[in-house]
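The chain contents come next:
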Amino acid sequence: MTPETEPAPAVHKVPAGEGMMGLAGFLVFVGWVLGVVGVAMLFSEPRVVGGDAYNFQIGATRGVGFLCAGVLVIGTSIVAALAAIRARSP
């Protein structure tokens, strides 16, 4: 057989958007973990400094920070999922 008549090797094609959908799923998981850590930190009683009021403020700030990070990550996963859906559409 000549190179012109040889059959082409089989190529495994990944459907469009599969990588972005996997990324979106991973980001949702990371967002949930950050949210759970934030809620746990928000309701815990950290002992950072001597005054109780300062400890509650520090704990609340850390908890809200983790919650906001979780919301941002989940927002990013929505964008990734929409990009995957758009890549699949003709």
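Look above for the structure.
The rules behind the values
- One numbering rule holds for all chains: residues counted from 1, following each sequence as written.
- Local features are withheld for residues below a pLDDT of 70 in this predicted model, meaning they are given only at 70 or higher, and side-chain atom pairs are given and counted only at 80 or more; totals for whole chains, interfaces and linings count all residues.
- Each side-chain value is worked out from all heavy atoms of the structure, with water and hydrogens disregarded.
- Helix numbering and strand numbering both begin at the N terminus, where a helix is a DSSP run of H or I of at least 4 residues and a strand a DSSP run of E of at least 2.
- Relative accessibility decides the category of a residue: with a 1.4 Å probe and only protein chains considered, values under 20% of the type maximum give buried, values over 50% give exposed, and everything between is partly exposed.
- Only heavy atoms matter for contacts: two residues are in contact if any of them lie within 4.5 Å across the pair.
- Per-residue and other accessible areas were derived by the Shrake-Rupley procedure at a 1.4 Å probe size, with only the shown protein chains allowed to occlude residues.
- To count toward a patch, a residue needs a relative accessible area above 30% and no salt bridge. Like charges then connect within 9 Å, nonpolar side chains (Val, Leu, Ile, Met, Phe, Trp, Tyr) within 5 Å.
- Salt bridge, as applied in this entry: a Lys or Arg side-chain nitrogen positioned within 4 Å of an Asp or Glu carboxyl oxygen.
- A helix is expected to reach a length of 1.5 Å times the quantity of its residues less one.
- For helices, the fitted line uses only the C-alpha atoms of the stretch in contact; every axis is such a line through C-alpha atoms, and the angle between N-to-C directions lies from 0 to 180 degrees.
- Each angle is binned into one of four classes, with values under 35 degrees roughly parallel, values over 145 roughly antiparallel, values of 65 to 115 roughly perpendicular, and all other values oblique.
- Each crossing gets its hand from how the near helix is turned against the far one by less than a right angle, where anticlockwise is left-handed and clockwise is right-handed.
- Basically, the charged four are Asp, Glu, Lys and Arg, the nonpolar ten are Ala, Val, Leu, Ile, Met, Phe, Trp, Tyr, Cys and Pro, and anything else, Gly included, counts as polar.

Trainee: What's the story with the overall build of the protein in this structure? I'm lost.
Mentor: The number of helices and strands found in the protein is two helices and zero strands. For the protein, with 90 residues in total, the buried portion stands at 19%. Here the contacts in the protein between residues at least 6 apart in sequence split such that 71% fall between residues at least 24 apart. Surface accessibility of the protein: about 6700 Å² in total, with carbon and sulfur atoms responsible for 73%.

Trainee: Would you mind going over a nonpolar patch on the surface with me for this structure?
Mentor: Side chains of M20, L23, F26, F29, V33 and V37 sit close together on the surface and give an oily, nonpolar patch of about 530 Å² of accessible area. Within the secondary structure, V37 sits in helix α1 (residues 18-43). For V37, a relative accessible area of 33% gives the class partly exposed.

Trainee: I would appreciate a short explanation of the environment of G31 in the present structure.
Mentor: Structurally, G31 is set in helix α1. You can call G31 buried: its relative accessible area is 3%. Linking G31 and C68, residues 37 residues apart in sequence, is a C-alpha distance of 9.4 Å. Look past the residues within four positions of G31 in its chain and what remains in contact with it is G70, V73 and I74.

Trainee: In this structure, what is going on with α1? I would like to understand it.
Mentor: Helical geometry: 3.6 residues make up each α-helical turn, so side chains three or four residues apart lie on a common side. In a regular helix each residue adds 1.5 Å, so 26 residues correspond to 38 Å; α1 covers 38 Å between its end C-alpha atoms and thus fits that length. Contacts from the buried residues of α1 go to α2 (52-88).

Trainee: Any chance you could explain α2 here in plain terms?
Mentor: Here α2 is 37 residues long and its end C-alpha atoms lie 54 Å apart, about the 54 Å a rise of 1.5 Å per residue gives. Taken residue by residue, α2 has N55, G59, G63, G70, V73, S77, A80, A81 and A84 as its buried positions.

Trainee: I'm lost on the packing of α1 against α2 in this one. Help?
Mentor: Two packed helices can be described by the angle between their axes and the distance between those axes. The N-to-C vectors of α1 and α2 enclose an angle of 165 degrees; their axes lie 7 Å apart at closest approach. Judged on the interaxial angle alone, α2 and α1 are roughly antiparallel. The element α1 and its partner α2 pack so that their crossing is left-handed. Here the residues of the contact of α1 with α2 sort into 25 nonpolar, eight polar and three charged.

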